Amino acid sequence: MRELRQLFALMVSSKRKYVDPSRAVEILKDTFKSNDLQQQDVSEFTHKLLDWLEDAFQVKTEEERDGEKPKNPMVELFYGRFLAVGMHEGKKFENSEMFGQYPLQVNGFKDLHECLEAAMVEGEIESLQAENSANSAKSGQEHWFTALPPVLTFELSRFEFNQALGRPEKIHHKLEFPSVLYMDRYMDKNREITRIKREEIRRLKDHLTVLQQRLERYLSYGSGPKRFPLADVLQYALEFASSKPVCTSPVDDVETAPPGTTTAPQTTARQESSPMEQGPLAPTEAPCTPPLQRPVVHKPFTQSRVPPEIPMHPAPRHITEDELRVLEGCLHRWRMEVENDTRDLQESIARLHRTIDLMYTDKTMMQVPYRLHAVLVHEGQANAGHYWAYIHDHHHERWMKYNDIAVTKSSWEELERDSFGGYRNASAYCLMYINDTERYLIEEEFDKETGQILTGMNTLPCDLKEYVRDDNRRFEKELQEWDAQQEKKAQQEKMEIHTTQREPTGASTSVQGKELEYLEQPSAKDPSKVCEGDTARTVSKAATEYEDRGPEAALQAAFTAEYSRLVRLAQEDTTLENDNRLKHVVVYFLHNEAPKKIIERTLLEQFADRNLNFDERCRSVMKIARAKLELIKPKEVNMEEYEKWHHEYRMFREMTVCVMIGLELFQKKSYNEALMYLIHAYQYNKELLSKGIYRGHDEELMSHYRRECLLKLNEHAAALFESGDDQEVEEGLTTMNELVVPCLPLLLVDEMEEKDIVAVEDMRNRWCSYLGQEMEPNLQEKLTDFLPKLLDCSTEIKAFRELPKLPSFSTHELCERFARVMASLSRTPADGR
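Residues numbered from 1 in each chain as written. Predicted model: local features only at pLDDT ≥ 70, side-chain atom pairs only at ≥ 80, totals over all residues. Heavy atoms only, no water.

## Thoughts on the overall build of the protein
Counting secondary structure elements, the protein contains 24 helices and 16 strands. Per-residue burial for the protein yields a buried fraction of 40% across its 833 residues. For the protein, the proportion of contacts with a sequence separation of at least 24, taken over those separated by at least 6, is 68%. Of the roughly 48200 Å² of accessible surface on the protein, a fraction of 52% belongs to carbon and sulfur atoms. (Helix = DSSP H or I, 4+ residues; strand = E, 2+ residues; numbered from the N terminus. Buried < 20%, exposed > 50% of the residue type's maximum accessible area, 1.4 Å probe, protein only. Contact = heavy atoms within 4.5 Å. Areas by Shrake-Rupley, 256 points an atom, 1.4 Å probe, with all protein chains shown as cover.)

Pasting the structure below:
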C-alpha cells in the first residue's frame, strides 16, 4: 500500500515524463510464485491486487475505529450486491451476495447488454414465474442487483480452453459496448417490469426468427449447393427468354478446318435447313424465326476478335412471339411479387429490431446511468500479449491512451477500433463504468480557505508532497549532471575541431584543412573533376580585372561572381534528384538563413584554399584571400558560431552518404546491412530538421524506408522461424534480437507516427500468432523466451550496431551518386508518396 501511494503520488506530480513502477511490481511478483516464462492471468492479478488493497484499508480502519463500524473505501467504491433468486430441484431460494468485478462471457454475444442478460439468467427459469407450473422440478436462477458500486467493473472473458488442443485460446470476435450504460433493467426494484419486457422481447425474437427464415428462402433460392436470390433467378430467366433466338446447336455450327486452310464466311442469306442439318432433336415443322445470317466460324489463330454475329450468351433455340409474350408477362409479374414480398419482410424485420432496441428507452428505465471511464485492452494471443488502457478525461471531455511510458490524446473512434475486437488481435478485457450521478468521483478538489481548484502537488497530503519534492529534486540533479556531461562532450568536440583547424605553422587564421574538404579545389592534373563553376574558373573570368587593377580587384570580382552564382543555385527548386545544397556549403547556408558574416568568411575560405595554385593569377588571388582572413578580427565573426554551422553541414553530408548507401543496399535486398545506415541516417536527419525544415532531407521518405527495412527483416526472420530447422530458427531469432528489437523503440518514441506504430503492431502480431499453433517444445520455449523482448513497449533507446567509417566523396561524386539513387526509387511506394 505504501509503494502504491508513492507511485500514484509521483504519477500526479512528478516532473519526469514517466514513472518507474519497478518497486511496486517486484512486491506484487513475489505473490505469484509461477514460472517466470508463464504470463500471469490478468483477472487473477487484478483480483489479488484489489484484495490486498481491501485488506490494507481494513487494517487501517480497524486501528482507527471509535465505536462505529469502520468503512473500507475499496468496498465502498468497487463492491456491490446482487440477489440470486431461483429454484433448485423444485425448491425456491433467495440469497444476497457481494460482488466486485462482474464476470461476463463474450463468446456468442454481439454487445454488452446481451452478455449481461445471459449472466443475469442461469438455467431454465420458466418455473420462477408460476408456483404450480409443470416445470417446477427444473433448476435455474436470476440475478438482480440490489446495490451497485460507484465504480462498476466488468471482466470480459475472452479466453477459453481448447480441450482438443489442450491449451487456452483467445476469442477475437467483435463485442460492442456503449459509452453510457443504463443498468435499470438489471435492478431488483425493476424485477417485475423487466420480466414483462423480457417476455415481450422473447416473443418478438421468435417472430423475428420466423421472418428471417422466410426472407432467407427468398434470398437463397434453390435446392442445390449454390443458391441465389429468387428475384435474380426470375430476372435471369426473363433475360434468357428475351435473348435473340438461334437456330443451331452451340457446337454444330463450329467448323473444324485442317491446318493451313481457311473457310470464307458466307454472306448470303441462310436457306431453310433440313432436319439433318438442324440436328436430330430439332423439330422439323417449325421454321427458324426470324431468319438469321449464317454464323461466321471463329478461328482463334486467324481472327483477332470474336465475330459480332456469334451470340455472347445462351439463347432459346425456338420460341414463338406468343410464347415469349406469355412467358415475359409471367416472369415480370412473378419478379415484382417476389421483390415486394422481400421488401415487406425486410421492413418488418427492421421494425422488430427497432422495437427491441427501444424496449428499455422509456424514462423509467433510464434512471441508473453509468458512464464509461476506462477500458483495458489486450493485444496478442492467450499466452502472451501487450496491454494498454484508455481513460476518459472528464474535465477536457476527451479520451487519453496510456501505453506504457507514452500518454497521448485519443478518440472514441480509436477506442472502438482497438477495444471492440476483430481488429489486429486487440480487444478489451476489462470495462470500468462510473455512476454518472455520483459527481464527486470526477469533480475537482477545492481549497477550503481560498475556494480555488487544487491541482497536482496541492492535492496530496503532506507526507506525499515531501516524497514527490525529494524525487523531483533528485530528477533536477540528474538533469544537471546530464547537462554537464553534454557540455563536457561538446567542449571536447570543440577542442577536436580547433585542433584539426589549426595550421601546422601556427598561423592565426583558421583556414579549413581537411575539415572543409568540400571547399578544396580539384587538382589541375585531374581536369575531369573541374566543374563549370569552380573557383579557378571564376578567377579566370576575372582575368580582365586582374590585368587592369591587380589581384585584389580580381578577388573582389571573382568573389561577387561566385556569390551571385550560389544565390541563383539557392533560388532554384530543390528536388530529390537535384539537391543544390550538396553542391556547395554556401547554398546550404543560404537555404537556412545563416548570418551574412558566416557566409562571407566561408566564401573567402574557398578562395584562400591552398590547392588554388593552377597558375600565377590563381596563386596571387589565393594569397590576397589568405591575407584578408588574417585581418578579420575575432569580434567581427563569431568563430564558435562559424564552427557550429560548418559542423552542421558536415553532418548533413554524412547523413546524405548514410541514406544513399542505405538505399542502395535496400534496393539490392541487403536488408541487414541497409538497416544500420537507414537508422543512423534517420536519427541524424531528425536532429538536423529539429533546427529547421531545410537542414535535412525528406523525413517522410526516410521514415518509409527505415520502416520498410524493418518489416522486410521481420518477414525474413519469421519465415526462418516457420521453417522449423534449428539453424534457421536460431538465425531468425538472432536477426530479431540483434537488429529488429533494438530498433523498435525508435519507431515507438513518437506516438504521432501512426504508420510506424502500426508497423510495430503488425510485427508483434506476426510473432504472437505462433502461440496458437502446434510446434515442437523447443520452438515453443524459444518463442516464449523471445516474445517478452518483442512486446516490451519501452521507448528507451537500446544499443544497436555502430556504423563503419563512411567513405569519402568529392562534391561532384556525391551529387551524381545521390541523384542516381533518388531517381531509381519507386514513384509509388507503399505509403502512396
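The structure having been displayed, the exposition proceeds.
## Looking at the packing of helix α21 (residues 726–748) against helix α23 (residues 777–791)
With their axes 11 Å apart at the nearest point, α21 and α23 run at an angle of 5 degrees to one another. With respect to α23, the axis of α21 lies roughly parallel. In this structure, α21 contributes Asp 726, Val 729, Glu 730, Leu 733, Met 736, Asn 737, Val 741 and Leu 744 to the contact, and α23 contributes Asn 778, Leu 779, Lys 782, Phe 786, Lys 789 and Leu 790. (Axes fitted to C-alpha atoms, helices over the stretch in contact; angles between N-to-C directions. Parallel < 35°, antiparallel > 145°, perpendicular 65-115°, else oblique.)

## Quick word on a negative patch on the surface
A surface patch of like charges, here negative, comprises Glu 337, Asp 341, Asp 344 and Glu 347. In this fold, Glu 347 is placed in helix α9 (residues 321–357). (Patch = residues over 30% accessible without salt bridge, like charges linked within 9 Å, V, L, I, M, F, W, Y side chains within 5 Å. Salt bridge = Lys/Arg side-chain N within 4 Å of Asp/Glu carboxyl O. Lys, Arg positive; Asp, Glu negative; His and termini not counted. Charge placed at Lys NZ, Arg CZ, Asp CG, Glu CD.)

## Quick notes on the environment of Phe 420
In this fold, Phe 420 is placed in the loop between α10 (412–419) and β14 (426–435). The exposure class of Phe 420 is buried, given its relative accessible area of 5%. Note: C-alpha distance between Phe 420 and His 172 (248 residues apart in sequence) is 9.1 Å. Excluding residues within four positions of it along the chain, Phe 420 makes contact with Arg 158, His 173, Lys 174, Leu 175, Glu 176, Phe 177, Trp 412 and Leu 415.

## A few points about the nonpolar core
If you look at the biggest cluster of nonpolar residues, it comprises 89 residues, and the most contacted ones within it are Phe 589 and Trp 767. With 14 residues, helix α18 (residues 639–667) is the largest single contributor of residues to this core. Not counting residues up to four positions away in its chain, the partners in contact with Trp 767 are Asn 714, Ala 717, Ala 718, Phe 721, Leu 733, Met 736, Leu 783, Phe 786, Leu 787 and Leu 790. Counting residues in each nonpolar core, the second largest holds 36 residues, with Phe 99, Tyr 102, Leu 156 and Trp 388 among its members. (Core = buried A, V, L, I, M, F, W, Y, C linked by side-chain atoms within 4.5 Å.)

## Thoughts on helix α7 (residues 230–242)
Taking 1.5 Å of rise per residue, 13 residues should cover 18 Å, and α7 covers 18 Å from first to last C-alpha, within 8% of that figure. In this structure, the buried side of α7 is in contact with α6 (191–219) and α9. (Expected span 1.5 Å × (residues − 1).)

## Quick notes on unusual backbone geometry
One non-glycine residue, Glu 397, lies in the positive phi region at around 50 degrees. Looking at Glu 397, the relative accessible area reads 59%, which means it is exposed. At Glu 593, a position not held by glycine, the phi torsion is positive, near 55 degrees. Within the fold, Glu 593 resides in the loop between α15 (585–591) and α16 (596–607). Taking relative accessible area as the criterion, Glu 593 reaches 70% and is therefore assigned exposed.

## A few points about the packing of α16 against helix α17 (residues 616–631)
One can describe the packing of α16 onto α17 by two numbers: an axis separation of 8 Å at closest approach and a directional angle of 140 degrees. In this structure, the crossing between α16 and α17 has a hand that is left-handed. Counting all contacts with α16, which are made through Arg 601, Leu 604, Glu 605 and Phe 607, the residues of α17 involved are Val 621, Met 622, Ala 625, Lys 628 and Leu 629. Partitioned by chemical class, the residues of the contact of α16 with α17 number 6 nonpolar, no polar and 3 charged. (Left-handed = near helix turned anticlockwise from the far one by under 90°. Nonpolar A, V, L, I, M, F, W, Y, C, P; charged D, E, K, R; others polar.)

## With respect to the pairing of β14
By the criterion of burial, β14 is predominantly enclosed, with 9 of the 10 residues buried. When strand β6 (residues 151–157) meets β14, the two strands line up antiparallel, connected through 5 bridges. Its bridge partner being in β14, Val 151 is matched across the sheet by Ile 434. Of the strand pairs in this sheet, strand β10 (residues 369–380) and β14 are connected by 9 bridges, and their pairing is antiparallel. Within β14, the residue paired with Glu 379 across the bridge is Ala 426. (Pairing = 2+ DSSP bridges.)

## Points about the pattern of salt bridges
Per the stated rule, a full pass over the model turns up 39 salt bridges. Close ionic contact of Asp 206 with Arg 202 constitutes a salt bridge, the shortest N to O distance being 3.1 Å. Highlighted residues: Asp 206 and Arg 202, both in helix α6, separated by 4 residues, approximately one helical turn. Taking relative accessible area as the criterion, Asp 206 reaches 41% and is therefore assigned partly exposed. The partner of Asp 756 in a salt bridge is Arg 707, and the shortest N-O contact between them spans 2.8 Å. Here Asp 756 is found in helix α22 (residues 754–768), whereas its partner Arg 707 is found in helix α20 (residues 699–723), with 49 residues between them in sequence. The exposure classification of Asp 756 matches that of Arg 707, with both residues buried. Connected via shared salt-bridge partners are Arg 16, Asp 471, Arg 474 and Glu 478.

## Section: the packing of aromatic side chains
For the structure on display, the rule yields 21 aromatic pairs. Each ring, one from Phe 99 and one from Tyr 102, has its centre 5.5 Å from the other, and the planes form 85 degrees; the classification is edge-to-face. We classify Phe 99 as buried; its relative accessible area is 6%. In this structure Tyr 102 comes out as buried when scored by relative accessible area, which is 5%. (Phe/Tyr/Trp six-rings, centres within 6.5 Å; stacked < 30°, edge-to-face > 60°.)

## With respect to the side chain of Thr 602
Looking at the secondary structure, you find Thr 602 in helix α16. A distance of 3.0 Å separates the side chain of Thr 602 from the side chain of His 646, its partner in a polar contact. (Polar contact = N/O pair within 3.5 Å; in protein donor to acceptor, adjacent residues only side chain to side chain.)

## Brief notes about the side chain of Ser 14
Counting through the fold element by element, Ser 14 comes out in the loop between α1 (2–13) and α2 (22–31). Judged by relative accessible area, Ser 14 falls into the buried class, the value being 17%. With near-sequence residues (within four places) excluded, Ser 14 lies in contact with Ala 9, Val 19, Val 468, Asp 471 and Asn 472.

## Re the pairing of β10
Taken across its 12 residues, β10 has 9 buried, putting it largely inside the fold. Where strand β9 (residues 180–182) lies against β10, 3 bridges are found, and the strand directions are antiparallel. Bridged to Leu 181 within β10 is Tyr 370. Pairing analysis gives 7 bridges linking β10 to strand β11 (residues 385–393), with the strands arranged antiparallel. Paired with Val 375 across the two strands is Tyr 390, which belongs to β11.

## Description of α21
Between its first and last C-alpha, α21 extends 31 Å over 23 residues, near the 33 Å set by a 1.5 Å rise per residue. Along its length, α21 shows its largest kink, about 40 degrees, at Val 740, and proline Pro 742 lies within four residues downstream of that point. By the N-cap criterion, in which a side-chain oxygen at the helix start approaches the backbone nitrogen of a residue two or three places on, α21 is capped by Asp 725, the distance to Gln 727 being 3.2 Å. (Bend = angle between axes of the 7 residues up to and from the residue.)

## What about the environment of Asp 55?
Looking at where Asp 55 falls in the secondary structure, it is placed in helix α3 (residues 42–64). Looking at Asp 55, the relative accessible area reads 47%, which means it is partly exposed. Residues Asp 55 and Met 74, spaced 19 residues apart in sequence, show a C-alpha to C-alpha distance of 9.2 Å.

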